[in-house]
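# What the coordinates show
Single-letter residue listing:
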2 protein chains.
Amino acid sequence: MSANIPTDICFSFTGLVRRGGDTGPHKDGWGVCFYEHQGIREFRDYRPAVESEIAQLIQKYPIKSKTVVCHIRQANMGQIALENTHPFTREFFARPWTYAHNGQLKEYAFNGKGIYRPVGTTDSEGLFCDLLNSLREKYPAGPEYSDSLWQTILSYCKAQMELGVFNMLLSQGDYLVCFCSNNLSWITRRAPFKQARLKDADVTVDFKTLTTEDDIVTVVATQPLTDNEQWNIMKPGEMRVFKNGLTVWHSE
Amino acid sequence: MSANIPTDICFSFTGLVRRGGDTGPHKDGWGVCFYEHQGIREFRDYRPAVESEIAQLIQKYPIKSKTVVCHIRQANMGQIALENTHPFTREFFARPWTYAHNGQLKEYAFNGKGIYRPVGTTDSEGLFCDLLNSLREKYPAGPEYSDSLWQTILSYCKAQMELGVFNMLLSQGDYLVCFCSNNLSWITRRAPFKQARLKDADVTVDFKTLTTEDDIVTVVATQPLTDNEQWNIMKPGEMRVFKNGLTVWHSE
């Protein structure tokens with residue numbers, strides 16, 4: 001999620017959680033990272049989201065944030081364990097960067113180079129470390145959030161896409177970078193707000209009652225979370241960068 | 001906490017939480033980091049621990065871990081915000097290191113050197129980054145967990161103690177490093193287990209009913225958490241390293 005005002009994710013998270021072992025096969029752990037002010041708080045569990053008491057709290061307890069990254073996991077490389085549970089985070093030039101990956105690079109092995117190293121054994125975390133290591137090499141004094149950085153990240157993502165499936169979310173709090181390898185959709189909700197109905201749970205929300213007319217809230221997901229709204233389906237190789245709920249950069 | 005078997009901290013945490021705005025003044029946020037397998041999960045809030053719904057979950061939900069680091073904050077340097085909430089974590093040579101600080105170094109300013117940088121504005125997080133940066137410089141291929149490392153950390157802690165109050169907990173999952181500047185106590189519980197009664201809440205637990213005779217569980221706190229047990233009061237300048245609930249290294 002990327003929004004222009006601190007917003008909770010209770011509605012979207014309720015739908016996502018159902019896919020973590022009920023309506024979907026992503027039962028091998030889940031995690032969420034909320035940005036608040038300059039900091040983050042994360043919640044994670046290696047248990048299926050539908051069975052997790054911590055996930056139950058997150059569905060009910062409205063933590064308000066402008067940027068949130070969530071993930072539910074279907075394990076392929078790396079056992080079911082906390083260290084293999086997305087999203088992954090690293091401090092990068094005094095900002096907490098967060099990353100989640102959907103897909104798999106079958107031939108991947110971490111190259112052992114650079115200061116960021118994977119704690120766990122997933123291809124995903126290794127790829128995140130590789131990305132940060134390469135950014136640190138290219139921008140030794142830290143990156144500016146401008147076209148050069150987005151092009152560099154896009155090139156990295158496209159190279160991974162050649163090797164497997166690499167749908168990716170990446171953020172440092174202000175910007176939400178979304179790369180589509182084969183599955184990624186987004187929707188921006190703003191006035192006039194309407195009702196939305198989850199695909200995965202019998203829950204409908206009337207956003208009119210929860211928002212002001214200035215609110216802009218974008219939600220990105222591998223598959224649309226609602227069935228009565230028009231989501232934008234991203235193309236393979238497409239990258240979008242959101243800030244305050246709006247696209248500030250896109251490829252092509 | 002350091003234990004030889006995955007153990008929950010519900011009892012100790014219940015006492016600690018009372019000090020976060022009720023029996024104690026440390027009402028400016030709280031955090032906890034559980035090590036499980038090679039990974040961690042953290043919970044944190046900038047709200048007082050006694051009012052936090054997340055802290056309520058942690059008191060009731062038994063997460064079992066061999067190493068846990070908790071902190072309740074009384075803000076001095078740095079506003080009340082997530083990024084200033086202990087414990088702080090950084091990946092250091094593929095392990096998640098966790099650190100909490102009690103005290104204050106009034107004249108401290110981060111020197112801006114090294115790859116680890118503070119996200120927030122506390123002296124505490126800056127000092128953690130300084131420590132990791134200096135360890136990375138001394139051990140460019142990563143440290144071994146041996147006398148050299150503990151002596152290096154001890155020297156660092158003693159230097160900070162000259163400049164202010166620096167009670168510290170530090171862990172990478174296996175080892176719990178405890179440095180006493182002016183307030184730190186520890187207790188090791190093992191068979192025959194007895195009853196323990198919290199100082200800060202009307203709660204008594206009979207550890208006999210919760211343990212096996214092989215369990216060894218050490219709890220460290222700035223002030224003893226129970227009033228019917230004999231805690232070991234550490235001396236200023238003393239450092240202890242626990243592993244699996246037992247002291248594996250101590251200064252002097």
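Everything discussed here concerns the structure shown above.
Below, the structure is looked at part by part. Keep in mind the model is a prediction, meaning the values are calculated, not measured. Residue positions are counted from 1 within each chain, in the order its sequence is given. Chain A is the first chain written and ligand 1 is the first ligand written, with later ones labelled in order. Confidence filtering applies because this is a predicted model: local features only for residues at pLDDT of at least 70, side-chain atom pairs given and counted only at 80 or more, and all residues used for totals across whole chains, interfaces and linings.

### So, the overall build of chain A
Within chain A one finds 4 helices and 15 strands. Using C-alpha atoms as the atom set, the radius of gyration is obtained and then compared with a globule rule of 2.2 Å times the number of residues to the power 0.38. Rg of the C-alpha trace for chain A: 17 Å, near the compact-globule value of 18 Å for 252 residues, within the 12% margin. Seen along its three principal axes, the alpha-carbon backbone of chain A occupies a region of about 50 × 35 × 30 Å. Any residue with 12 or fewer other C-beta atoms within 10 Å of its own C-beta is exposed, any with 20 or more is buried, and the rest are partly exposed; the C-beta atoms used are placed from the backbone. Within chain A, the proportion of its 252 residues that are buried is 48%. Expressed as a percentage of contacts within chain A between residues at least 6 apart in sequence, the contacts between residues at least 24 apart total 68%. Helix numbers and strand numbers start at the N terminus; a helix is a DSSP run of H or I with at least 4 residues, a strand a run of E with at least 2. By the convention adopted here, residues are in contact when the distance between their C-beta atoms, placed from the backbone, does not exceed 7 Å.

### Thoughts on helix H3 (residues 123-138) of chain B
Residue and element names in this part refer to chain B. By this rule the span expected of a helix is its residue count minus one, scaled by 1.5 Å. Compared with the 22 Å implied by 1.5 Å per residue over 16 residues, the 22 Å span of H3 between its first and last C-alpha is a close match. Inspection of H3 places Asp123, Ser124, Glu125, Gly126, Leu127, Phe128, Cys129, Leu131, Leu132 and Leu135 among the buried residues, and these make up the whole buried set. For H3, the elements touching its buried residues are strand S5 (88-92), strand S6 (95-102) and helix H4 (147-161).

### Re the environment of Ser52(A)
Residues and elements named next belong to chain A. Within the fold, serine 52 resides in the loop between strand S3 (39-45) and helix H2 (53-60). In sequence terms serine 52 and glycine 20 are 32 residues apart; their C-alpha atoms lie 9.8 Å from each other. Here serine 52 is in contact with Trp30, Asp45 and Arg47, once residues within four sequence places are set aside.

### Description of the pairing of strand S14 (residues 239-243) of chain A
For a regular strand, the rule is simple: side chains alternate between the two faces of the sheet. All names here are of chain A. Most of S14 sits inside the fold, with 4 of its 5 residues counted as buried. For two strands to pair, DSSP has to find at least two bridges joining them. Where S14 meets strand S15 (residues 246-250), 4 bridges bridge the pair, whose relative direction is antiparallel. Pairing of arginine 240 across the sheet is with histidine 250, part of S15. Between S14 and S15, which pair antiparallel one after the other, the connecting turn spans 2 residues, and asparagine 244 there sits at a positive phi close to 50 degrees.

### Quick word on the sheet that holds strand S9 (residues 185-190) of chain A
The strands making up a sheet associate through hydrogen bonds between their backbones, and the pairing can be parallel or antiparallel. Residue and element names in this part refer to chain A. Sheet architecture is open: 7 strands sit in the order S3-S2-S4-S1-S12-S9-S13, paired in antiparallel fashion. Edge strands, defined here as strands with exactly one partner in the open sheet, are S3 and strand S13 (232-233). In this structure, strand S2 (residues 30-36) lies alongside S3, joined through 7 bridges in antiparallel fashion. Residue valine 32 lies in a different strand from S3, and its bridge partner there is phenylalanine 43. Running at roughly 135 degrees to S3, H2 makes contact with S2 and S3 of the sheet. What counts as an axis is a line fitted to C-alpha atoms, over the stretch in contact for a helix, and the angles between N-to-C directions run from 0 to 180 degrees.

### A few points about the environment of Pro25(B)
Residue and element names in this part refer to chain B. Looking at where proline 25 falls in the secondary structure, it is placed in the loop between helix H1 (10-19) and strand S2 (30-36). C-beta crowding within 10 Å serves as the criterion here: with 11 such atoms nearby, proline 25 is assigned to the exposed category. For the pair proline 25 and serine 12, spaced 13 residues apart in sequence, the C-alpha separation works out to 18 Å.

### Here we look at the interface of chain B and chain A
Chain B puts 27 residues into the contact, and the matching count from chain A is 27 residues. The set of elements that each furnish at least two residues to the side of chain B that touches chain A consists of strand S3 (39-45), helix H2 (53-60), S5 and S6 of chain B. Here the side of chain B that touches chain A takes 5 residues from S3(B), the largest share from any one element.

### As for the pairing of strand S7 (residues 167-171) of chain A
All names here are of chain A. Counting buried residues along S7, 5 of its 5 residues qualify, which places the element largely inside the surrounding structure. Of the two faces of S7, the one lined by Asn167, Leu169 and Ser171 and the one lined by Met168 and Leu170 are each fully buried. Examined bridge by bridge, strand S6 (residues 95-102) and S7 share 5 bridges and lie antiparallel to one another. Looking at the pairing, histidine 101 lines up with methionine 168 of S7. In this structure, S7 lies alongside strand S8 (residues 175-179), joined through 4 bridges in antiparallel fashion.

### Quick word on the relation of the copies chain B and chain A
Superposition of the copies was done by least squares, using only C-alpha atoms of residues whose pLDDT is at least 70 in both. The transform that puts chain B on chain A rotates by 180 degrees and translates by 0.0 Å along the axis, for an RMSD of 0.0 Å. One copy is carried onto the other by what is essentially a two-fold rotation axis. When the interface residues of chain B are mapped onto chain A, 100% of them are again interface residues, pointing to one common binding face.

### Comments concerning the packing of H3(B) against H4(B)
Residue and element names in this part refer to chain B. Two numbers describe how H3 lies on H4: the axes approach to 11 Å, and their chain directions differ by 145 degrees. By crossing handedness, the relation of H3 to H4 is classed as right-handed. Between H3, through Leu127, Leu131, Ser134, Leu135 and Lys138, and H4, the contact on the second element is made entirely by Thr152, Tyr156 and Gln160. Tallied by class, the residues present in the contact of H3 with H4 amount to 4 nonpolar, 3 polar and 1 charged. Put simply, a crossing is left-handed when the front helix is turned counterclockwise from the back one by less than a right angle, and right-handed when it is turned clockwise. The classification used treats Ala, Val, Leu, Ile, Met, Phe, Trp, Tyr, Cys and Pro as nonpolar, Asp, Glu, Lys and Arg as charged, and all other residues, Gly among them, as polar.

### What to know about the environment of Tyr35(A)
Residue and element names in this part refer to chain A. Looking at the secondary structure, you find tyrosine 35 in strand S2. Look at tyrosine 35 and you get buried, because 26 C-beta atoms sit within 10 Å. Setting aside residues up to four positions removed in sequence, tyrosine 35 forms contacts with Ile40, Ser65, Lys66, Thr67 and Gly173.

### Some points on unusual backbone geometry
Glycine aside, the phi torsion of most residues is negative, and most peptide linkages are trans. Of note, the amide linkage connecting Ala191(A) to Pro192(A) takes the cis form, showing an omega dihedral of -5 degrees. Position of Pro192(A) relative to the elements: it lies in the loop between S9 and strand S10 (195-197). Backbone geometry places Phe93(B), a non-glycine residue, at a positive phi of 50 degrees.

### Section: the sheet that holds S2(B)
Residue and element names in this part refer to chain B. Read across the open sheet, the 7 strands follow the order S3-S2-S4-S1-S12-S9-S13; overall the sheet is antiparallel. Each having just a single partner strand, S3 and strand S13 (232-233) make up the two edges of the open sheet. This element, H2, spans S2 and S3 of the sheet and lies at about 135 degrees to S3.

### Details of the packing of helix H1 (residues 10-19) of chain A against H2(A)
It is the contact of H1(A) with H2(A), at a shortest axis distance of 8 Å, that shows an interaxial angle of 150 degrees. Where H1(A) approaches H2(A), its residues Cys10(A), Phe13(A), Thr14(A) and Val17(A) are matched on the opposing element by Ala55(A), Ile58(A), Gln59(A) and Lys60(A).

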